[in-house]
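Tertiary structure, described
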Amino acid sequence: MSLAREPLPTDTAIQLFKSLFLARRCEEYIVKHYPENQMRTPMHMSMGQEFVPVGVCAALEGKADVFASYRSHAAFLAQTHDTDRFFSELYGRTSGTGEGKGGSMHLAAPDQGHMLSTGVIATQIPVAVGAAFANRQLGNGRTAVAFFGDGAADAGVFWESVNAAALFGLPVLFVCEDNGYAVDTPREAHQAFASLCDAVRPFGCDTYADESGDVESVYGLARAAAEKAHRDRRPALLNIKCCRYLEHVGIGTDWSWGYRDRTAVEREWISRDALKVQRARLVAGQIGEEAIAAMEREIDLAIQASVRKAAAAAIPTPDRLHAGVFHEKA
């Protein structure tokens, strides 16, 4: 189902804009500087899809346990806003989330609610179900969230996770960032069902669909879904249509591959880019250009400071190669 939406409070609208701008600006920095070969990690860029994790994470107000895929940048930044550890990890420094050993696909900051990101498709989903079970037993009111692409719905573990979550009455959000492709294969070529929501609903899972491309719409949907999941003790699937602007992996475009049409993407998605729409919304709400520009400058300066810190941090030494792989006594 989809939900009608009333205008959000100004503070919330500003928060969403700043979070969107942060994710976009960080990736624009990556695109510009990746060719310098100092960030030696594969990059699965979130550009164009940022509004999905930004809306969901903001709606949960810090009480989320986030489990993300290899396309991890926006989810990590939306949950933590931590550019220091983000860039340190991309630059392979000990001050990063994984001491510089995890890279882009394995960002994790459990102390800030971003539990993990994984490079193996769909493997974050069952772990989120386990966290939802733990949260219910602890009675801490936290919401486990699994972000994944529509290609991950091909994995058996996705269906097992939905079944287990419904069977045990767990308040977990399955958030599908539905960009229409598994790498470069369109949905109709690898999925027999026409609607993921329709396929999941018989399990006893609430379903929500959104095609707006609007961060405020996603925010409202996620709030409603989380509240109902906790109240009724049942999981929820949020199937949110989106579009990645860049290639599946890397910092370039893929228009020359021929599997999607650039003109159609520009007309249907880039023309209503979520960041651009949210900025215009602030202007229409009487937030002046000067105030908005000040927010943007503050974020730019924070990114620059984080990159400087990363450049000054230590590089991992060989003796730390196996550290953090298994449990270690303090």
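Structure first, text after, so check above.
A few points on the structure. Only a predicted model underlies this, so the values are computations on that prediction, with no experimental measurement involved.

Attention shifts here to the packing of aromatic side chains. Using the criterion set out here, one finds 12 aromatic pairs in the structure. Aromatic pair Phe-76 and Phe-86: ring centres 6.1 Å apart, planes at 25°, arrangement stacked. Pair noted here: Phe-76 is in helix H3 (residues 73–80) and Phe-86 is in helix H4 (residues 83–90), with a separation of 10 residues, a long-range link. Exposure remark for Phe-76: the relative accessible area of 0% places this residue in the buried category. With relative accessibility at 0%, the residue Phe-86 sits in the buried group. On the numbers, 5.0 Å between centres and 80° between planes, the contact of Phe-86 with Phe-87 is edge-to-face. According to the relative accessible area criterion, Phe-87 is buried, its value standing at 0%. Taken together, the ring pairs connect Phe-148, Phe-158, Trp-159, Phe-174, Phe-193 and Phe-203 into an aromatic cluster. Positioned over the ring face of Trp-269 is Arg-272, at 4.4 Å from the centre of the ring.

Under the counting rule described, the total for this entry stands at 26 salt bridges. As a salt-bridge pair, Arg-24 and Asp-273 come within 2.8 Å of each other at their nearest N and O atoms. Taken together, the positions of Arg-24 in helix H1 (residues 10–33) and Asp-273 in the loop between helix H9 (262–268) and helix H10 (274–284) put the pair 249 residues apart, joining distant regions of the chain. For Arg-267, the salt bridge identified is with Glu-268, shortest N-O distance 3.2 Å. Judged by relative accessible area, which is 52%, Arg-267 ranks as exposed. One continuous salt-bridge network, built from bridges that share partners, spans Asp-206, Lys-228, Arg-231, Asp-232 and Arg-234.

Looking now at the environment of Tyr-181. Along the polypeptide, Tyr-181 turns up in strand S5 (residues 181–182). Of note is the side chain of Tyr-181, whose polar atom sits 3.4 Å from the backbone oxygen of Tyr-259.

All right, on to the pairing of strand S8 (residues 236–241) then. Of all 6 residues in S8, 5 are buried, a share of seventy percent or more. Pairing between strand S4 (residues 172–178) and S8: 6 bridges, direction parallel. Counted as the bridge partner of Glu-177 is Ile-240 from S8. The β-α-β motif built from strand S7 (residues 206–210), the intervening helix H8 (residues 215–232) and the parallel element S8 has right-handed crossover chirality.

What counts, and where the lines are drawn
- Residues numbered from 1 in each chain as written.
- Predicted model: local features only at pLDDT ≥ 70, side-chain atom pairs only at ≥ 80, totals over all residues.
- Heavy atoms only, no water.
- Phe/Tyr/Trp six-rings, centres within 6.5 Å; stacked < 30°, edge-to-face > 60°.
- Helix = DSSP H or I, 4+ residues; strand = E, 2+ residues; numbered from the N terminus.
- Buried < 20%, exposed > 50% of the residue type's maximum accessible area, 1.4 Å probe, protein only.
- Lys NZ or Arg CZ within 6 Å of the ring centre and 35° of its normal.
- Salt bridge = Lys/Arg side-chain N within 4 Å of Asp/Glu carboxyl O.
- Polar contact = N/O pair within 3.5 Å; in protein donor to acceptor, adjacent residues only side chain to side chain.
- Pairing = 2+ DSSP bridges.
- Right-handed = clockwise from strand over helix to strand, strands pointing away.

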